[in-house]
Structure formats: structure tokens, C-alpha cells
Amino acid sequence: MICAVEALRLGLKVLLIEKMERIGKKVLATGNGRCNLANRNFDMTHYHGSCLPAAEVVFEEYPPERIEDFWKGLGILYREEERGRCYPRSLQASSVINVLRRTLSYYEQEGSLKVLTDTVVTGIRLDKKQKLYEITCRTREGEQAKTLQFKSSQAALLTGGKASPRLGSAGEGLEMAGKLKLPVTDLRPGICRLLSPDPMTRRLSGLRFDTRACLLSGKERIAEARGELLFTDDGISGPCALDLSRQAGELLKEGKPAAIAADLAEEYPEGELFALMMERCELLKAVSLEEMLEGFLHKRIIPEVISQTGLDRKAAAGTMDKRKTGALCRVMKSFCVEISALDSFKDAQVTVGGVHQKALGQGLECAAYPGLYLGGELLDLDGDCGGYNLMFAAACGLSIASGAAAHQLDVEGGRG
Ligand SMILES: Cc1cc2nc3c(=O)[nH]c(=O)nc-3n(C[C@H](O)[C@H](O)[C@H](O)COP(=O)(O)OP(=O)(O)OC[C@H]3O[C@@H](n4cnc5c(N)ncnc54)[C@H](O)[C@@H]3O)c2cc1C
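Residues numbered from 1 in each chain as written. Predicted model: local features only at pLDDT ≥ 70, side-chain atom pairs only at ≥ 80, totals over all residues.

Engineer: What exactly am I supposed to notice about the overall build of the chain here?
Structural biologist: If you tally the helices and strands in the chain, you get 13 helices and 21 strands. Oriented by its inertia axes, the alpha-carbon framework of the chain measures out at about 95 × 45 × 40 Å. Per-residue burial for the chain yields a buried fraction of 43% across its 416 residues. Within the chain, contacts between residues at least 6 apart in sequence are counted, and of these 71% link residues at least 24 apart. (Helix = DSSP H or I, 4+ residues; strand = E, 2+ residues; numbered from the N terminus. Buried ≥ 20, exposed ≤ 12 C-beta atoms within 10 Å, placed from the backbone. Contact = placed C-beta atoms within 7 Å.)

Structure representation (C-alpha cells):
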């Protein structure tokens, strides 16, 4: 949509083909309906994948200020929240989509844009003689399936990846890239839930709390995240888990062990926690260990914490010595959940992997196919949770539009 808006502003004629019944469906679901469209802490360390060189070029051309200006120009002002995350000031993803749809409908009425919804692009090929791309689509006319074909000197494949297929992107773009013999890397879900074989997560299902969590591989600390952690029937979710899912996916791919360790007493350094627990055990020596922890930890997690220490939860708190208290504190500072897999693409927010950098020439134009542009999640580039993916999608859209407009001028100049 962004690419179309910019291309139209630059004077190009555009055909926008969308498989869903309306354009922009995914954006409505972003940021829990609030659309986290950018991040003020932008730098390239928040991006991963082979297409980093292309992303650097794109962001040099369209740095965060130019992306913000694009949104401002449409009437969308940023509202910055925690960790630099920017949302539309209205905190409504629908306002982002409405302004884009309204702008596009202006160009539709003016005649420079045609939008085809409920239409799936099924193939794209280059007619080398005519230097035109033939785009084949499938649509319906009443109950009848119908095939459409279009020709254009330039095309942009912005079909997203495979994540959350119910919102549109189901991997067809990657299949088309494969048919064009473009290199596509292995794919896996990103920014997704982490699955655990431990039945404990089912017992804790629904429990959520703010924490600092650490991704461990054996004893090695791999990464850290802060935010809410949520237990589900088959694993963990919430911003903390989503933030750590990329690196957890790396470990699992390499066959290494992975676990998330949550700090259940974040505000207490280890020494202070130890002193506090010794004091509580003395003060409440007549009650059981699990009763001693009540009021300090959530009731549902107490038996799980004690079980990880190997202590007897029914034993009197007064029987706790320094060794046992030390063991209890270590578990509270590092409450472990084993991770065995990532959630499927069905509910993931992004695709890790995609079309490899080797497919690209200058910027986002295909090396082997002049006038064919690729961008967004289709590429082997994924950003961290927090607005980075929509920022990249926006920068790609703007960059492709300006590349296509320049290309058009060259062609017209050449003809002239
Ligand atoms: C639930 C959820 C929440 C998210 N929240 C955030 C967030 O808050 N901030 C953030 O930065 N990122 C977020 N993301 C990630 C972000 O939405 C994507 O990375 C971004 O939208 C990718 O943009 P894109 O244009 O490359 O692809 P998409 O947004 O996936 O758009 C691709 C479009 O192409 C259409 N399409 C696909 N195949 C075909 C075909 N064969 N023919 C015709 N049309 C086709 C699709 O229907 C879709 O409309 C979230 C993702 C999800 C799923």
C-alpha cells in the first residue's frame, strides 16, 4: 500500500493486486490493534538476515525521519511509548489503514490506480523479447474461477512471507520467487510463542507477570529480554518470549538445548533475596515452606518453584538452612522453562528467512530481472519485535516506488 501511494504520488500508474477481500488486513492486527509502526531506538542491530546490505541501502535512502514524514504527510502522528515503540497517536491501527485506503481511493477515482481485491497472483514471468512482466492471477466471477493476465514493464512482489496466513501472506510470493530461480533461504517462524514439553506450563496456563527473562543454552546465557511473560497450555508467550524467539529458533536449529529462565524476584539482588528469605524462614518457622512463600510469589507458581529446588514443600520453614535457602533463591532468580520448539507459522508475527540477498542487484531490484522489485517480509530480513518490521516494510515501499519512478523516466528518456 505504501509503495502504491508513493508510486502514484511520483506520477506512475499502478495496478494493486490483493488476494484478500480488502487491502491492509494484516496491519489491522499489528501491535494488538494499535499498530506499532516504528521505533525511535532504530539502528541496524535490530535487523537480521542475509539482506542486511540491501536493508542498509534502503534505510540510508529512507531513514526513520523520512518514514515519519511520510506518515505525517498522511496525517498520522507518532505516539512514543515504552522502549521507543511508536504508534499512531490515536493508538488505532485502523487509522493507519483508513488514511492509506483513503489516499488510494483518491487515485482510483482519478484513474491512475486500479485495485483488484479477492485476486491471487499465481505467476510472474518475464517476456524477454517485449521486456514485459506477465502477471497471472486467479479471481472469481460469481461462482466461477477466472484467470487474468496483465503485462507491465515493472512489477513489485510485496507478498510478505508465511507468517499468519489467515491475514494474507501464505508463502505464495516465496514460491513465485523460487519459480523465477531466485535463491530462497530456509524459513522458520519468528516473533512467536515458544513451546515447551514441560507439563508445568499447562498447570500455570494463564499466569502472567512482568519479568526479566534470559535465554539459556545449558549454562550459557544467550540473550535477555524484559517485559510480560505469559504461560500457555503448551509453552510461553508474551513480549518476553516473543523477543527471545529468534535466538531460541537459532539454538533449536543447531540442535542445542534451549530454556527460558525468568527472574521471579527481579527487584532483589541475590544477596538481598537470600537475607530476606532467611529472615522469613525464621519469622514464619512454624508454617510450611510453601506457606512461607505465600504473599511473596503468585500462589500457583509456588509448588513449581519448590519442585525445581528438590525441597519438600510441606517441610517447616524453620528447617531451612543456608544451603537450602540458597537453592530456593537460585530458582527464584532463574525459574527455568525448557523450550523444545517454536510455534508454527499460523500464529507467528514474522518469517525468518526469505529471498536471499544474492537475488538483489542495486537496492531492491532483482539482479536477474530488471524492473522487478522485491521487498518487505518476502526478503531474508526480519526485525526485532517493536515496530522494526513495519519500518522496514515502509522503507521498502518508498524505495521501490522511487526506483520504479526513476526507471520509468529512464525508459521515457531513452524513447525520447
Ligand atoms: C499479528 C501480527 C502483529 C504484528 N505486529 C507488528 C507490529 O506491531 N509492528 C511491526 O513492526 N510489525 C508487526 N508485525 C509484522 C508486520 O506486520 C510484517 O512484518 C509486515 O506487515 C510485512 O509487510 P509486507 O508488506 O512485507 O507483507 P504483508 O504485510 O504480509 O503484506 C503482504 C500482502 O500481500 C498479499 N498477498 C500475499 N500473497 C499474495 C498473492 N499471491 N496475491 C495477491 N496478494 C497477495 C497479502 O494478502 C498481504 O496483504 C505483526 C505481524 C502479525 C502477523
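Let us keep going from here.
Engineer: Got a minute to help me understand the domain arrangement of the chain in this structure?
Structural biologist: Many authors give the size of an interface as the accessible area that is lost as the parts come together. Considered domain by domain, the chain is made up of domain 1 (2–189 + 348–415), domain 2 (193–263 + 336–342) and domain 3 (270–333). For domain 2 and domain 3, the distance between their C-alpha centroids amounts to 24 Å. Contact with domain 2, which involves six residues of that partner, is made by six residues of domain 3. Here the residues of the side of domain 2 that touches domain 3 are counted per class, giving five nonpolar, no polar and one charged. (Domains from an automatic or database assignment. Nonpolar A, V, L, I, M, F, W, Y, C, P; charged D, E, K, R; others polar.)

Engineer: Sorry if this is basic, but what is going on with the nonpolar core here?
Structural biologist: Soluble, globular proteins show a tendency: their nonpolar side chains are buried together. Core analysis: the largest hydrophobic core is formed by 71 residues, its most contacted members being A4, L157, L374, M391, F392 and A395. It is helix 13 (residues 388–415) that provides the largest number of residues to this core, a total of 12 residues. Beyond its immediate sequence surroundings of up to four residues, L374 is in contact with L157, V355, A359, L364, C366 and L379. (Core = buried A, V, L, I, M, F, W, Y, C linked by C-beta atoms within 7 Å.)

Engineer: What exactly am I supposed to notice about the site of the ligand here?
Structural biologist: The full set close to the ligand counts 32 residues, and G31, N36, G160, G168 and G376 are the nearest of them. Broken down by secondary-structure element, the contributors of at least two residues to the shell around the ligand are helix 2 (25–29), strand 7 (120–127), helix 6 (172–179) and helix 13. A breakdown of the residues in the shell around the ligand according to their chemical character gives 14 nonpolar, 13 polar and five charged. (Near = placed C-beta within 6 Å.)

Engineer: Mind showing me how you'd approach the sheet that holds strand 16 (residues 258–262) here?
Structural biologist: The pairing of strands in a sheet comes from backbone hydrogen bonds and takes either a parallel or an antiparallel form. Strands sit in the order 17-16-13-14-15-12-18 across an open sheet of seven strands; the sheet is antiparallel. Because the sheet does not close on itself, it has two edges, and the strands there are strand 17 (335–339) and strand 18 (341–342). Inspection of the sheet shows strand 13 (residues 208–217) paired to strand 16 by four bridges, in the antiparallel sense. The partner of C214 across the bridge, within strand 16, is A261. Relative to the sheet, helix 8 (residues 238–253) contacts strand 12 (194–195), strand 13, strand 14 (220–232), strand 15 (235–237), strand 16, strand 17 and strand 18, its axis offset from that of strand 14 by approximately 135°. (Pairing = 2+ DSSP bridges. Axes fitted to C-alpha atoms, helices over the stretch in contact; angles between N-to-C directions.)

Engineer: Before we go on, may I ask you to explain the sheet that holds strand 7 in this structure?
Structural biologist: Across the sheet, which stays open at both edges, the three strands sit in the order 7-8-9 with antiparallel pairing between neighbours. In this open sheet, the two strands that pair with only one neighbour each are strand 7 and strand 9 (144–152). If you compare each strand with its neighbour and ignore which way they point, the axes differ by 20° on average. In this sheet, strand 8 (residues 132–141) lies alongside strand 7 in antiparallel orientation, the contact comprising seven bridges.

Engineer: What is the right way to look at the environment of L113 in this model?
Structural biologist: In this fold, L113 is placed in strand 6 (residues 113–116). Exposure remark for L113: the 21 C-beta atoms within 10 Å place this residue in the buried category. Sequence separation of L113 and F392 is 279 residues, and the distance between their C-alpha atoms is 24 Å. Apart from residues lying up to four places away in sequence, L113 is in contact with A4, L8, V14, L16, L104, Y107 and E108.

Engineer: What is the right way to look at the pairing of strand 16 in this model?
Structural biologist: Two faces make up the sheet, and in a regular strand the side chains alternate between them. Taking burial as the measure, the five residues of strand 16 include four buried ones, the bulk of the element. As defined by bridge partners, strand 16 adjoins strand 17 across five bridges and the pair is classed as antiparallel. Among the inter-strand pairings, A259 is bridged to a residue of strand 17, identified as E338.

Engineer: Got a minute to help me understand helix 11 (residues 302–309) in this structure?
Structural biologist: Counting along an α-helix, one turn takes 3.6 residues, and residues three or four places apart therefore face a common direction. Among the residues making up helix 11, those that are buried are E304, V305 and I306. Contact partners of the buried residues in helix 11: helix 7 (200–203), helix 10 (289–293), helix 12 (322–333) and strand 17. One or two residues past the end of helix 11 sits G310, with phi positive at roughly 80°.

Engineer: Would you explain the pairing of strand 8 in this entry?
Structural biologist: Joining the antiparallel neighbours strand 7 and strand 8 is a turn of four residues, in which K131 adopts a positive phi near 55°. Summarising the sheet, strand 8 and strand 9 pair through nine bridges and their orientation is antiparallel. When the bridges of strand 9 are listed, T136 appears paired with Q149. Joining the antiparallel neighbours strand 8 and strand 9 is a turn of two residues, in which G142 adopts a positive phi near 65°.

Engineer: Is there a simple way to think about the environment of F42 in this case?
Structural biologist: Relative to the helices and strands, F42 is located in the loop between strand 2 (38–39) and strand 3 (47–48). In sequence terms F42 and A223 are 181 residues apart; their C-alpha atoms lie 19 Å from each other. Setting aside its immediate chain neighbours within four residues, F42 contacts P64 and M391.

Engineer: In this structure, what is going on with helix 6? I would like to understand it.
Structural biologist: Turning to helix 6, its buried residues are G173, L174, M176 and A177. Down the axis of helix 6, the sector holding all buried residues measures 160°, keeping them to one side. Against strand 7 and strand 10 (155–157) lie the buried residues of helix 6. Looking one or two residues past helix 6, K181 carries a phi angle of roughly 65°, positive in sign. (Arc of directions from axis to C-beta.)

Engineer: Please clarify how the packing of helix 11 against helix 12 should be interpreted in this entry.
Structural biologist: Angle between the axes and distance between the axes: these two values describe a pair of packed helices. For the pair helix 11 and helix 12, interaxial distance at closest approach is 9 Å and the crossing angle is 120°. Our classification of the angle between helix 11 and helix 12 gives oblique. The interaxial crossing formed by helix 11 with helix 12 has right-handed handedness. Listed contacts from helix 12 to V305, Q308 and T309 of helix 11 are A327, L328, V331 and M332. Of the residues in the contact of helix 11 with helix 12, the class split is five nonpolar, two polar and no charged. (Parallel < 35°, antiparallel > 145°, perpendicular 65-115°, else oblique. Left-handed = near helix turned anticlockwise from the far one by under 90°.)

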